[in-house]
Amino acid sequence: DSYTGSPGQPKPVSGTSAAAPIWAGVVALINQARASNGRKSLDGPKETLPGLYALPASAFRDITDPTYPAGGRWDW
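Just so you know, these numbers come straight off a predicted model, no measurement behind them.

Draft legend 1. Local environment of the confidence of the model for the protein chain. When the pLDDT values of the protein chain are averaged, the result is 78; 63% of them are 70 or greater. Here strand β1 (residues 2-6) is the element of the protein chain with the lowest mean pLDDT, 57, and helix α1 (residues 16-36) is the one with the highest, 90.

Draft legend 2. Local environment of the pattern of salt bridges. Throughout the structure, instances matching the rule amount to one salt bridge. Across the pair Glu47 and Lys40 runs a salt bridge whose closest N-O atoms are separated by 3.2 Å.

Draft legend 3. Looking closely at a nonpolar patch on the surface. On the surface, a cluster of nonpolar side chains totalling about 370 Å² of accessible area is made up of Ile22, Trp23, Val26 and Ile30. Structurally, Val26 can be placed in helix α1. Val26 sits in the partly exposed class, given a relative accessible area of 35%.

Draft legend 4. Local environment of the side chain of Arg34. Following the sequence through the fold, Arg34 ends up in helix α1. For Arg34, the contacting residues outside a window of four places in its chain are Arg39, Lys40, Ser41 and Leu42.

The rules behind each value
Residues numbered from 1 in each chain as written. Predicted model: local features only at pLDDT ≥ 70, side-chain atom pairs only at ≥ 80, totals over all residues. Heavy atoms only, no water. pLDDT = per-residue confidence, 0-100. Helix = DSSP H or I, 4+ residues; strand = E, 2+ residues; numbered from the N terminus. Salt bridge = Lys/Arg side-chain N within 4 Å of Asp/Glu carboxyl O. Patch = residues over 30% accessible without salt bridge, like charges linked within 9 Å, V, L, I, M, F, W, Y side chains within 5 Å. Areas by Shrake-Rupley, 256 points an atom, 1.4 Å probe, with all protein chains shown as cover. Buried < 20%, exposed > 50% of the residue type's maximum accessible area, 1.4 Å probe, protein only. Contact = heavy atoms within 4.5 Å.

Structure, rendered in structure tokens:
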């Protein structure tokens, strides 16, 4: 996704500003596919989150940005 800082100049965005809506879209697509196959939507607290939390730490990486004072292991 991008944000136009000035006319015709896209500015990339990252972090939770990009990740949260992307994840929402992915889960919506999964639930749409499940519905078309006669299955119920995923239950976030009982199905989606436990699956994510069961992944090994190597499946994740810290997002750092020199513009902000965030470093590794800083979750915001």
